[in-house]
Amino acid sequence: MEENKVLLVNVLVLAMEKSFYFICDDSSLNVDDLVIVETTRGIELGKVVESPIEHEVKENEEYPHVIKKGDPSDYKLYEINIEKSKEAVSFVQEESNKLNLDMKIISAEYMLDGTKIIIYYLADNRVDFRELLKVLANELKCRIELRQIGTRDKAKMIGGIGICGLKLCCATFLNEFDGISITMAKNQMLALNIPKLSGHCGKLICCLKFENETYTELQKDLPRVGAKVKYND
């Protein structure tokens, strides 16, 4: 293979439920093969969703690496970590309550090798969790990362069914939350009924943005509501 070319494989990182491209050295990887990868979060288990392809790397283009091919024992470890994470959520919430910390523990995720756990929590204000970290470090015996999230992030993690009858956009394909305003609803001539325009997170539904740009563009050339027009005599 040429020096500036690599093999890229598309991998679904199981814990994140998102797929990313990784550099791999094994051209024999097949769809549904388990692989161990290194993400920005740590060592994680993934599943191949597209066979390796040759790719010419452009300047400043970087990809993470597949560490090795996985096996059933790795998947078993992944399942064990899921159960440990559930136990960690209860334990962390209990300890934070003892310290009178105003935080709601939403979920936790162990990295595959067990050297790190990420704990997600909701809080209205900044939380001083230094004492909590001491307790957790003594009990969990691994690196601990506490991440404060918003209500939109909570809805994304928990999931659910939207008012349209489909799975929540944030839990399926939205990777970023852009600003949503009531102006977008006005622009699309929707009834300004805030409860009906709000999602599971209590914020304005993300789909208000999907067609807003089209409405804005079309309205530039359309006559205003109430205007008198003459067309074809």
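Anything mentioned here points back to the structure above.
Residues numbered from 1 in each chain as written. Predicted model: local features only at pLDDT ≥ 70, side-chain atom pairs only at ≥ 80, totals over all residues. Heavy atoms only, no water.

K.L.:
With reference to specific residues and values, describe the environment of E44.
P.N.:
On the secondary structure map, E44 appears in strand β4 (residues 43–56). A relative accessible area of 3% means that E44 is categorised as buried. With 69 residues separating them along the chain, E44 and D113 place their C-alpha atoms 7.8 Å apart. Here the side chain of E44 touches T39 through a polar contact of 2.6 Å, side chain to side chain. (Helix = DSSP H or I, 4+ residues; strand = E, 2+ residues; numbered from the N terminus. Buried < 20%, exposed > 50% of the residue type's maximum accessible area, 1.4 Å probe, protein only. Polar contact = N/O pair within 3.5 Å; in protein donor to acceptor, adjacent residues only side chain to side chain.)

K.L.:
Describe the packing of aromatic side chains, naming the residues involved and giving the relevant values.
P.N.:
Tallied over the full model, the rule gives 3 aromatic pairs. Between Y121 and F129, the aromatic rings sit 6.1 Å apart at their centres with planes inclined by 80 degrees, giving edge-to-face as the arrangement. Between F173 and F210 the ring centres are 6.1 Å apart and the planes differ by 40 degrees, which places this aromatic pair in the tilted class. Separated by 37 residues along the polypeptide, F173 in the loop between α4 (169–172) and α5 (182–187) and F210 in the loop between α5 and α6 (212–219) bring together distant segments of the chain. Classification of F210 as partly exposed rests on a relative accessible area of 42%. (Phe/Tyr/Trp six-rings, centres within 6.5 Å; stacked < 30°, edge-to-face > 60°.)

K.L.:
Go over the pattern of salt bridges, please, and point to the residues and values.
P.N.:
Using the criterion set out here, one finds 12 salt bridges in the structure. Among the salt bridges present, the one from D128 reaches R130, with a minimum N-O distance of 2.7 Å. What makes R130 exposed here is its relative accessible area of 60%. R147 serves as the salt-bridge partner of E145, at 2.5 Å between the closest nitrogen and oxygen. Residue class for E145 comes out partly exposed when judged on its relative accessible area of 24%. According to the relative accessible area criterion, R147 is partly exposed, its value standing at 29%. One continuous salt-bridge network, built from bridges that share partners, spans R41, E44 and E109. (Salt bridge = Lys/Arg side-chain N within 4 Å of Asp/Glu carboxyl O.)

K.L.:
Residue-level account of the side chain of N212, with values.
P.N.:
Within the fold, N212 resides in helix α6. Among residues more than four places away in sequence, those in contact with N212 are M184, N187 and Q188. (Contact = heavy atoms within 4.5 Å.)

K.L.:
Break down the sheet that holds strand β5 (residues 66–69) for me, with residues and values.
P.N.:
Spatially, β2-β1-β4-β3-β5 is the arrangement adopted by the 5 strands of the open sheet, whose pairing is antiparallel. With partners counted over all chains shown, the strands left at the sheet margins are β2 (18–24) and β5, one partner each. For this sheet, the mean inter-axis angle between neighbouring strands, taken without regard to orientation, is 45 degrees. Both strand β3 (residues 34–38) and β4 contribute to a ladder of 5 bridges, which runs antiparallel. Residue pairing in the sheet places V35 in a bridge with G46 of β4. (Pairing = 2+ DSSP bridges. Axes fitted to C-alpha atoms, helices over the stretch in contact; angles between N-to-C directions.)

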